[in-house]
Protein chains: 2
Amino acid sequence: MKLTLKGIARECGVSPATVSRVLRNDESFRVSPEIREKVLETVRRTGYQPDFAARSLRSSKSRMVCICGLKSMPHPLGVYSSMIDGTVSELQSHGYEALLDFSSNSVNESAYGMKFDGIISLDSDPSEGVQSYIRRNDIPCVVLSGSSEKKFDSVSADDPAALATAMDFLYSRGHRRVAYAGTMFDHQQDHICVEERFECFNKYLLNKNMDRLDVSRKTLYDAVEFLHGAIVREKVSAVLAFDHFSGLEVYRAAMLLGFKIPEDFSLISFNDVYPVARLVPAFTVMAVPAEEMGKLAARRLVLRMKGEISGAAEEFRLTESLIVRDSVKSI
Amino acid sequence: MKLTLKGIARECGVSPATVSRVLRNDESFRVSPEIREKVLETVRRTGYQPDFAARSLRSSKSRMVCICGLKSMPHPLGVYSSMIDGTVSELQSHGYEALLDFSSNSVNESAYGMKFDGIISLDSDPSEGVQSYIRRNDIPCVVLSGSSEKKFDSVSADDPAALATAMDFLYSRGHRRVAYAGTMFDHQQDHICVEERFECFNKYLLNKNMDRLDVSRKTLYDAVEFLHGAIVREKVSAVLAFDHFSGLEVYRAAMLLGFKIPEDFSLISFNDVYPVARLVPAFTVMAVPAEEMGKLAARRLVLRMKGEISGAAEEFRLTESLIVRDSVKSI
DNA sequence: CTGTTAGCGCGTTCAC
DNA sequence: GTGAACGCGCTAACAG
């Protein structure tokens, strides 16, 4: 015999509506403490759980959010892994579930007509499918790890500041000739951070009157060629890598070419992600506060879903931190 | 105005029941081809999608499966990432959605009374919470990456065979003194593969009359100490690592201690997971067919959910493959 | 503060 | 082969 709300109501000698109110913590209805306690106790004792489908059907709220915009990756999730962890756990602590949309560019059509209450988009510019879903259902969306021209709330890392921090660190250690190793992946090209980091890098050079080297590129096609050019031709003393993937490729190139880090050149990369801390030398990195970003995005989304905020979209940028390890030396 | 089944029915001049039947491909009702086509066409044209909640409420089927048993990890998902990818995509191609249960040991209580149609457990021994959920709802479960003493269907990699393959390879390259570097993580201790791989390793030694070395352990606490003992004291010529994590720790220890791979010792590990192929030397590994395992588990689950099979649990073991790269030399 | 009533959008009987 | 009616379990709206 299935446990239903009606059953609990009968058991307690109250009406179904009352049980429903207690269970939903309905603010607008005051319930006498005795009844509330009795209901709660019965629910605990019986292990009753409201039926998801029925609740969702009636209220046209699913308490589910869809995490989409995850680009198909040939590689592990890296920082996204922590972001998603953060988002999911925060969401759950507010009573929401998250569905990770592994499909690519629209809110998964095969999601079977599910009504999501909100969207977390890992893509700054949600696909047309996603946007239309958002409009049709009139649900909030927050962009995680990207900005969105004020269309949606967004939370991202403060890359301009981080770039400056990293470069200041290098500068303070005496580095004047530093090369930039860009992203390795085409599918990342439209992520703001690839543009932003490179641009800020160049601005920094300008500011400090440092040479802009020919090997520095927004995209890293061939790490070996890059590193050879950087060290031999450009006499670079340090390399700044766009992310841990690029960082590792440069590291690999160094081993292949017989250069030692940090003796022959210093290396600093973005993202404190496995395995950069377990390499020799361990990488000095700018760490994106991934989990915190995930949590913030979730909190923001919850606020919107609950209608507790409704104004214009806001942009949040979280500070990255410099983690000094062994891949940079003073010169 | 929301598109409902009733609306489609009106549009087509038929009854809701008819529309429902053609949409569900209801075998037991024959529908005239003209009507069927008309309905299908209207659905396509309007973009109608059955409401998830209503359908689920009515049929007490959700077309969702829960992937649970993911141990909380201090590290990236490694092979699990591909397994999950495989499972999810296969599930979706059969019209099911998957919810990754990030919470730990019971089917997420906050999952809000959701009725899952099936469970994929990454844990050989699903927690009491999960098992009780399975019993209460009478749904199928398949264990992925583990066996389950015939309680549930299971799919895993054929570690005994893989171990032999790896050791044969080493043996054929002249290695007679090989040490085993076990798992690094306590939370893995109860995974069969940690027992199985170590056991098979020892059996192999016995079989081939090779020395069983004192440094070989099921658990790797300190890679540096391990490697020092293995090379200096035991004169080991090769190390077999339980997984890519252990492999990387051994690699790290080698750099720290100044040993070169494969000049000073050869290394072979399990799991072809980032970044082992991007290290210098690139690891020779036994690759678990993770994605394929995920797909197989999904297919099996779908069969059970549809009631197309119902017999006793079966155990599937998939063959791992040896990927030869640069970390093993002949002696 | 609490109970009653009326559906939410489907799938499943039954009749026809 | 098709339609009408009912109800899944819950919550919103309205009484009281």
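A brief report on the enclosed structure follows. Per-chain numbering applies: the sequence of each chain, read as written, is numbered from 1 onward. Working convention: letters from A go to chains and numbers from 1 go to ligands, in the order in which they are written. pLDDT decides what is reported in this predicted model: residues at 70 or higher carry local features, side-chain atom pairs at 80 or more are listed and counted, and totals for whole chains, interfaces and linings draw on all residues regardless. Only hydrogens and water are removed before side-chain values are computed, so all heavy atoms of the structure are retained for them.

1. Focus: the nonpolar core
- For this analysis, a nonpolar core means a set of buried residues of the types Ala, Val, Leu, Ile, Met, Phe, Trp, Tyr and Cys, connected via side-chain atoms within 4.5 Å. Accessible area is worked out with a 1.4 Å probe on protein chains only. A residue is then buried under 20% of its type maximum, exposed over 50%, and partly exposed in between. Of all hydrophobic cores here, the largest spans 58 residues; its most connected members are Leu227 and Phe265 of chain A together with Leu227 and Phe265 of chain B.
- Elements that contribute at least two residues to this core include exactly β6 (178–183), α9 (223–233), β8 (238–241) and α10 (244–257) of chain A together with β6 (178–183), α9 (223–233), β8 (238–241) and α10 (244–257) of chain B.
- Core analysis: the next-biggest nonpolar cluster, separate from the first, contains 30 residues, Tyr133 of chain A together with Met114, Ile139 and Val143 of chain B among them. Helix and strand definitions here come from DSSP, where helices need a minimum of 4 consecutive H or I residues and strands a minimum of 2 consecutive E residues; each element is numbered from the N-terminal end.

2. A look at the sheet that holds strand β11 (residues 315–318) of chain A
Residue and element names in this part refer to chain A.
- Here six strands make up an open sheet; going across it, the order is β2-β1-β3-β4-β5-β11 and the pairing parallel. Whereas interior strands pair on both sides, the edge strands pair on one side only; in this sheet they are β2 (97–100) and β11. Ignoring strand direction, the axes of neighbouring strands in this sheet form an average angle of 20 degrees.
- Two strands qualify as a pair provided that DSSP identifies no fewer than 2 bridges between them. Taken together, the four bridges between strand β1 (residues 64–68) and β2 define a ladder with parallel strand orientation. Paired with Ile67 across the bridge in β2 is Leu100. Axis definition: a line fit to C-alpha positions, over the contact stretch in the case of helices; interaxial angles, taken between N-to-C directions, run 0 to 180 degrees.

3. Notes on helix α3 (residues 33–46) of chain B
All names here are of chain B.
- The first and last C-alpha atoms of α3 sit 20 Å apart over 14 residues, in line with the 20 Å expected at 1.5 Å per residue.
- The complete set of buried residues in α3 reads Val39, Thr42 and Val43. Buried residues of α3, seen end-on, are gathered within an arc of 100 degrees and therefore sit on one face of the element. Exposed and oriented more than 90 degrees from the buried face of α3 are Pro33, Glu34 and Arg44.
- In this description, contact between two residues means that some pair of their heavy atoms is separated by no more than 4.5 Å. Considering only its buried residues, α3 is in contact with α1 (5–12) and α2 (16–24).
- Just beyond α3, the residue with positive phi is Gly47, at close to 75 degrees. A helix is expected to span 1.5 Å multiplied by its residue count minus one. For this quantity, the arc is that covered by the directions from the helix axis to the C-beta atoms.

4. Considerations on the packing of aromatic side chains
- Each Phe, Tyr or Trp ring, with Trp reduced to its six-membered ring, pairs with another whose centre is within 6.5 Å; inter-plane angles below 30 degrees give stacked pairs, above 60 give edge-to-face pairs, and intermediate values give tilted ones. Applying the stated rule across the entire model yields 13 aromatic pairs over all chains.
- Their ring planes at 70 degrees and their centres at 5.2 Å tell us that Phe245 of chain A and Tyr274 of chain B sit as a pair that is edge-to-face. Residue Phe245 of chain A is located in helix α10, and its partner Tyr274 of chain B is located in the loop between β9 (266–270) and β10 (284–287); the two belong to separate chains. An identical accessibility class is assigned to Phe245 of chain A and Tyr274 of chain B; each is buried.
- Within the aromatic cluster, the residues linked to one another by ring pairs are Tyr180, Phe198 and Phe201 of chain A.
- It is Arg63 of chain A that lies over the ring of Tyr96 of chain A; its NZ or CZ is 4.8 Å from the centre.
- The criterion is that NZ of a Lys, or CZ of an Arg, lies within 6 Å of the ring centre and within 35 degrees of the ring normal, and then a charge sits over that ring. The ring centre of Tyr171 of chain A lies 3.5 Å from the NZ or CZ of Arg176 of chain A, which sits over that ring.

Don't take any of this as a statement about function, it's just geometry.
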